[in-house]
Amino acid sequence: MQPTTQHKPRLYGYDNIKCILIFLVVLAHLMEISAPFEGKDALYKLIYAFHMPVFIFFSGFFARYSSSKIVFHLLYPYLLFQTLYLFFHNYILYPDTPAAFQFTTPYWALWYLLAMVFYYLLIPLLHQQKLWQCFAVFILSIATSIIAGFFNEIGFFLTLSRFFTFLPYFVLGYYTGQHKEQLREYAAKHWTKHVLPGAAGTAAVILVCRFLLQSTAIKSHMMFGSASYANAWYTPQIKLQLLGIGLVWVAFFLFVLAPLLNRNLPLISTIGKNTLPVFLLHGFFLRCAGAVGMFTQSEQGNLMQLILCTVIILVVLGNTIVAKVFPYIFSGTLLEKLWKNIRERLKK
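Chemist: Break down the overall build of the chain for me, citing the residues and quoting the values.
Modeler: Looking only at helices and strands, one finds 17 helices and 0 strands in the chain. Principal-axis analysis of the C-alpha atoms places the extent of the chain at approximately 60 × 60 × 45 Å. By the burial criterion, 48% of the 348 residues in the chain qualify as buried. Considering only contacts in the chain between residues 6 or more positions apart, those separated by 24 or more positions represent 83%. For the chain, the exposed surface amounts to about 18300 Å²; the carbon and sulfur share of it is 67%. Of the side-chain charges in the chain, 26 are positive and 11 negative, and the distance between the mean point of each set is 12 Å.

Chemist: Could you give an account of the packing of aromatic side chains, with specific residues and numbers?
Modeler: Applying the stated criterion to the full structure yields 38 aromatic pairs. Summarising the aromatic geometry, the rings of Phe 61 and Phe 62 are spaced 4.9 Å apart at their centres and angled 80° between planes, so their arrangement reads as edge-to-face. Using a relative accessible area of 36% as the deciding quantity, one classes Phe 62 as partly exposed. Taken together, a centroid distance of 5.5 Å and an interplanar angle of 40° make the contact between Phe 326 and Phe 330 tilted. Judged by its relative accessible area of 5%, Phe 326 is buried.

Chemist: Can you tell me about unusual backbone geometry, naming the residues and giving the values?
Modeler: One non-glycine residue, Leu 158, adopts positive backbone phi at about 55°. Within the secondary structure layout, Leu 158 lies in the loop between helix H6 (131-148) and helix H7 (160-165). The phi dihedral of Thr 159 falls on the positive side, at around 50°, and the residue is not glycine. Within the secondary structure, Thr 159 is located in the loop between H6 and H7. Among the residues examined, Thr 159 registers a relative accessible area of 3% and is labelled buried.

Chemist: Provide a residue-level description of the nonpolar core, including the pertinent values.
Modeler: By size, the foremost hydrophobic cluster in this structure holds 105 residues, and its most contacted members are Ile 56, Phe 58, Tyr 119, Phe 170, Trp 249 and Phe 253. Filtering out sequence-adjacent residues up to four positions away, Ile 56 remains in contact with Trp 111, Tyr 112, Met 116, Tyr 119, Phe 166, Tyr 169 and Phe 170.

Reading the values: rules and limits
- Residues numbered from 1 in each chain as written.
- Predicted model: local features only at pLDDT ≥ 70, side-chain atom pairs only at ≥ 80, totals over all residues.
- Heavy atoms only, no water.
- Helix = DSSP H or I, 4+ residues; strand = E, 2+ residues; numbered from the N terminus.
- Buried < 20%, exposed > 50% of the residue type's maximum accessible area, 1.4 Å probe, protein only.
- Contact = heavy atoms within 4.5 Å.
- Areas by Shrake-Rupley, 256 points an atom, 1.4 Å probe, with all protein chains shown as cover.
- Lys, Arg positive; Asp, Glu negative; His and termini not counted.
- Charge placed at Lys NZ, Arg CZ, Asp CG, Glu CD.
- Phe/Tyr/Trp six-rings, centres within 6.5 Å; stacked < 30°, edge-to-face > 60°.
- Core = buried A, V, L, I, M, F, W, Y, C linked by side-chain atoms within 4.5 Å.

Take a look at the structure:
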């Protein structure tokens, strides 16, 4: 097939950013099952201050409403992996504990998939044309996020607490994605032409990191977004602070790192295009490693060991071979094709 003039070059900056984010996701999960080491709490706090807010922002950035996407590529993988993880937990890791299968409270990191189902269902309501309307909806999402924290009933069930906590990032990402062409033009220019904005964004991030490290009021568990103010022992003011910190990081990744890294980087760009297999499959190793105490056999943890293990996980699960096989085994690609064939036959 001959290339057309309408073909748009891939923005590798976003792939490279996704690689950085999935690296931090896996590293943070490894730190949770690791023995203490110097600076562990501070590093863990810094990672959780932005890695999921930025990830969800970019999820909204590329989101487009599609019923097939919701059913076959979000809901089906959630149900499948919820079953696989619960089976793995109940019958392999802890066979002596009572087995229980349920689908209303996501297992471990699977909350992300269920939250995405609800976010995508919101897209028809988010679709606004005027700038002031987008701004109003974004402010409303912030207010909803803040108000939801007052209700203790909103928690792990259907991942509602995290849904509301991270809602502003998805909304902002979706609206930013509507203006992707302007960002494409920005990224196409040489990044050195934007030294001042880049320096300002970097300085803002440094100040945010310094604030987080010095703050004794903000704890890591407050950034999980999984509990109310009363249950997580924090306040609406802290939640607003965390939202502001997350938005500073979003701006840094979007306007500084994306243009700076907008080139095809061997392995990094490949992993960035294939983050879903890494995200969904690395948990089996993590759960097993935690159960046998792989990273707690000594009293002192080793950060370099965790980093090396993270790199290995990303290379093994984020390569092109896994990316080609994964959709047909663990995603709804085959079911989607089957459904389309059935619909086509019914129309005849």
